[in-house]
Structure formats: C-alpha cells, structure tokens
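# Commentary on secondary and tertiary structure
Listed below, chain by chain, are the residues.
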Amino acid sequence: MERRYPVILREFGYRPDSGGPGEYSGGNGVVRDLEFLEPIQISLLTERRSRAPYGLAGGEPAKMGINTWIKQTTEGQTRRVNLGGKAAVHMAAGDRLVLQTPGGGGWGKKVEGAKAYGTANGYKPHWEARGSLAEKSMAEAAFGA
C-alpha cells in the first residue's frame, strides 16, 4: 500500500476485546491507522458504526466500529472527528484516518467461572484444516518429509 499510494500505514492489527462475550466469544475486529503524505480525498462506505453486531443464543453484542479522522490544525494541534459509517472527506498532508472495524457478536450464554473456549473445556472444533497450506502439510506427512 505504501509503495502504491502516498500513505504511511502506522498500525494494522487486531482490535483487542472488540468481540462480543458469550460461551463462544465473537471474533475481534481490526485497526488500520493511515497517515496521508499528500492531500487526498477518501470515501468511506462502512457498516456497524451506529448499531453493534448482535450476539446469538444469549451471546452479547460486539463493539461497534469507529472511523476517526485525526486532523492537523493550523496551530499544530490535532482534532479528532468521528466520520460515521459513510463519508467523503478531503484530507490534508499529515492527516490520519483510523479505521476500527467492529467485532463479531458472541454466541451462547457465558457461564460464570468458565475459561475461554478450548479443548480443556471440552470444546472440540467441528472443522478440519483445508486449503493449499493444509494440503501441502498433509502431502509432506504422507511422504515422511
């Protein structure tokens, strides 16, 4: 992204504790912090900024997403502006856009004192690894590699 556009990617990672609690917690969202090196117009078309992703079967909702414009003022200060879910904005050089995506809603009532799900709690995943990396690993194992 930094090679293609006049932008510095300051942060890209998980948004901690953004998933909804439940017997099976919802997944975390992500954080992207972009600093623009030239004046640019950005357009946002995002969801779940005014209503949280709901939980199911007694699970709790996740955190809502947030789109924040960190604007450089003429006095050298910064000003934070919540852009909402849909916006078109002209940003100046040095301005930042922080996108925090929502987490996923939790599933099931959380049992007091229970640890996070895992094999120690009797949780057995009902999925199997698939895809090119899983197939490569299985092929290597079959040939003793």
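The structure under discussion appears in the preceding block.
Described in the following lines is the structure provided in the data block. Note that the coordinates shown come from a computational prediction; the quantities given were computed from them, not determined experimentally.

It is worth spelling out the environment of L9 at this point. Position of L9 among the secondary structure elements: in strand β1 (residues 7–15). For L9, a relative accessible area of 33% gives the class partly exposed. For L9 and D33, which are 24 residues apart along the polypeptide, the C-alpha to C-alpha distance reads 6.0 Å. Not counting residues within four places of it along the chain, the set of residues in contact with L9 comprises E2, D33 and L34.

Next up on the list: the pairing of strand β4 (residues 66–72). Sheet topology places β4 next to strand β7 (residues 96–100); five bridges connect them, and they run antiparallel. Note on β7: the bridge partner recorded for W69 is L97. Here β4 pairs with strand β5 (residues 78–82) via five bridges, running antiparallel. The partner of Q72 across the bridge, within β5, is T78. Linking β4 back to β5 in an antiparallel pair, the connection comprises five residues, with G76 at a positive phi of about 85°.

With that settled, consider the side chain of E35. Its location among the elements puts E35 in strand β2 (residues 29–36). Other than its neighbours up to four places away in sequence, E35 contacts P6, V7, I8, R10, G94, D95 and R96.

Here we come to the sheet that holds β5. With antiparallel pairing, the five strands of this open sheet are ordered in space as β1-β2-β7-β4-β5. Only two strands of the sheet have a single partner each, and these edge strands are β1 and β5. Mean inter-strand twist for the sheet, computed between neighbouring axes without regard to direction, equals 15°. Bridging between β1 and β2 involves eight bridges; their strand directions are antiparallel. In the strand pairing of β2, E11 is matched with D33.

So, about the nonpolar core. The biggest cluster of nonpolar side chains holds 12 residues, and these are V7, L34, F36, I42, L44, W69, L83, A87, V89, M91, L97 and L99. When residues of this core are traced back to their parent elements, those giving at least two are β2, β3 (40–45), β6 (86–91) and β7. Ranked by the residues each element gives to this core, the list is headed by β6, at three residues. When near neighbours in sequence (up to four residues on either side) are disregarded, L44 contacts N67, L83, G85, K86, A87, L97 and L99.

Let's shift gears to the side chain of T46. Of note, T46 is situated in the loop between β3 and β4. Of note is the side chain of T46, whose polar atom sits 3.5 Å from the side chain of R49. At 2.7 Å, the side chain of T46 forms a polar contact with the backbone oxygen of G85. In this view, T46 contacts N67, G84, G85 and K86; residues no more than four positions away in its chain are not counted.

Reading guide: rules and limits
Residues numbered from 1 in each chain as written. Predicted model: local features only at pLDDT ≥ 70, side-chain atom pairs only at ≥ 80, totals over all residues. Heavy atoms only, no water. Helix = DSSP H or I, 4+ residues; strand = E, 2+ residues; numbered from the N terminus. Buried < 20%, exposed > 50% of the residue type's maximum accessible area, 1.4 Å probe, protein only. Contact = heavy atoms within 4.5 Å. Pairing = 2+ DSSP bridges. Axes fitted to C-alpha atoms, helices over the stretch in contact; angles between N-to-C directions. Core = buried A, V, L, I, M, F, W, Y, C linked by side-chain atoms within 4.5 Å. Polar contact = N/O pair within 3.5 Å; in protein donor to acceptor, adjacent residues only side chain to side chain.

Bear in mind that shape data such as this cannot, by itself, settle questions of function.
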